[in-house]
Amino acid sequence: VESNQLFDRKSGAYIVDTSVIDNAAQKGGGMYLIKLTSLKITRSRFYKNKAQFGGAMFCEDFTILQIYKTLYILNKAHMYNGAIRTKWVDKEIYNNCVFKLNSALQRGGAVGSYFGNVNFDKCLFLLNRFRAIIIHLGHNVLLTKCKFKNNIAPSGAGIYLKTCWYVQVKETKFLLNVAS
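Residues numbered from 1 in each chain as written. Predicted model: local features only at pLDDT ≥ 70, side-chain atom pairs only at ≥ 80, totals over all residues. Heavy atoms only, no water.

1. Some remarks on the overall build of the protein
Looking only at helices and strands, the protein has 0 helices and 25 strands in total. Taken against the 2.2 N^0.38 rule, which gives 16 Å for 180 residues, the C-alpha radius of gyration of the protein at 14 Å falls within 12% of a compact globule. In terms of principal-axis extent, the alpha carbons of the protein reach across some 40 × 30 × 25 Å. Going through the 180 residues of the protein one by one, you find that 47% of them count as buried. Taken as a whole, the protein presents about 8100 Å² of accessible surface, with 52% of it coming from carbon and sulfur. (Helix = DSSP H or I, 4+ residues; strand = E, 2+ residues; numbered from the N terminus. Rg over C-alpha atoms; globule rule 2.2 N^0.38 Å. Buried < 20%, exposed > 50% of the residue type's maximum accessible area, 1.4 Å probe, protein only. Areas by Shrake-Rupley, 256 points an atom, 1.4 Å probe, with all protein chains shown as cover.)

Next comes the structure, spelled out in structure tokens:
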């Protein structure tokens, strides 16, 4: 995938075994994706991408976003959501993903999700700055067998949920996260 590739079509996309490294943009340092029916990312790496919003990826107005076995490391947002920012995505699925050393200046060091249904399964959140996850206006939020370790924020260092309708956390570990 070319740096700062913009996808804007009413169809699905599939990204597999892809590296997105050292890109910069206003939104979605590595990828800015809008109005897709579906996007599936598998076995990919997002490393050292930067943006104001969504350091590695910014996804907006999707039906479904599926991310499997993908690494997000050292991505940075100068404002919100160091690795991934989603907005108006009906369903988000993250499975066996690693979010490490991502940062945001204001919120959501790893993932920021706004107005959707979110499912994290077997994901690791390690050393992210300014909250590992922020979910605002989430309809259904499910975290299963995830691990949050050494994340830092003023409040909600592991997860920060605001105005979510249904939340279920199962077999998830929170270790050494610091809220100050």
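That shown, we press on.
2. With respect to the confidence of the model for the protein
Residues of the protein with pLDDT of at least 70 account for 94%, and the chain-wide mean is 91. Across residues 1-9, confidence stays below pLDDT 50; counting only partners more than four residues off in sequence or on other chains, it has 23 contacts. (pLDDT = per-residue confidence, 0-100. Contact = heavy atoms within 4.5 Å.)

3. A closer look at the packing of aromatic side chains
Taken as a whole and assessed by the stated rule, the structure comprises 11 aromatic pairs. With a centroid separation of 4.7 Å and an interplanar angle of 10°, the aromatic rings of phenylalanine 46 and tyrosine 72 are classed as stacked. Pair noted here: phenylalanine 46 is in strand β7 (residues 45-47) and tyrosine 72 is in strand β10 (residues 71-73), with a separation of 26 residues, a long-range link. For the pair phenylalanine 46 and tyrosine 72, a shared accessibility class is recorded, and that class is buried. Of the aromatic side chains, those joined through ring pairs into one cluster are Phe46, Tyr72, Tyr94, Phe99, Phe120, Phe125, Phe148 and Phe174. (Phe/Tyr/Trp six-rings, centres within 6.5 Å; stacked < 30°, edge-to-face > 60°.)

4. Brief notes about unusual backbone geometry
Its identity as a non-glycine residue notwithstanding, asparagine 96 has a phi of 55°, on the positive side. Within the secondary structure layout, asparagine 96 lies in the loop between β12 (84-95) and β13 (98-100). Residue class for asparagine 96 comes out partly exposed when judged on its relative accessible area of 32%. The backbone of leucine 101 shows a phi angle near 60°, a positive value even though the residue is not glycine. Secondary-structure assignment places leucine 101 in the loop between β13 and β14 (103-104). Residue leucine 101 is classed as partly exposed on the basis of its relative accessible area, which comes to 36%.

5. Brief notes about the sheet that holds strand β4 (residues 24-27)
Taken together, 4 strands build an open sheet; the order of strands is β4-β8-β11-β14 and the sheet is parallel. Looking at strand neighbours, the two that pair on one side only are β4 and β14, the edges of this open sheet. Here strand β11 (residues 76-80) pairs with β14 via 2 bridges, running parallel. Bridge pairing in β14 places alanine 77 opposite alanine 104. (Pairing = 2+ DSSP bridges.)

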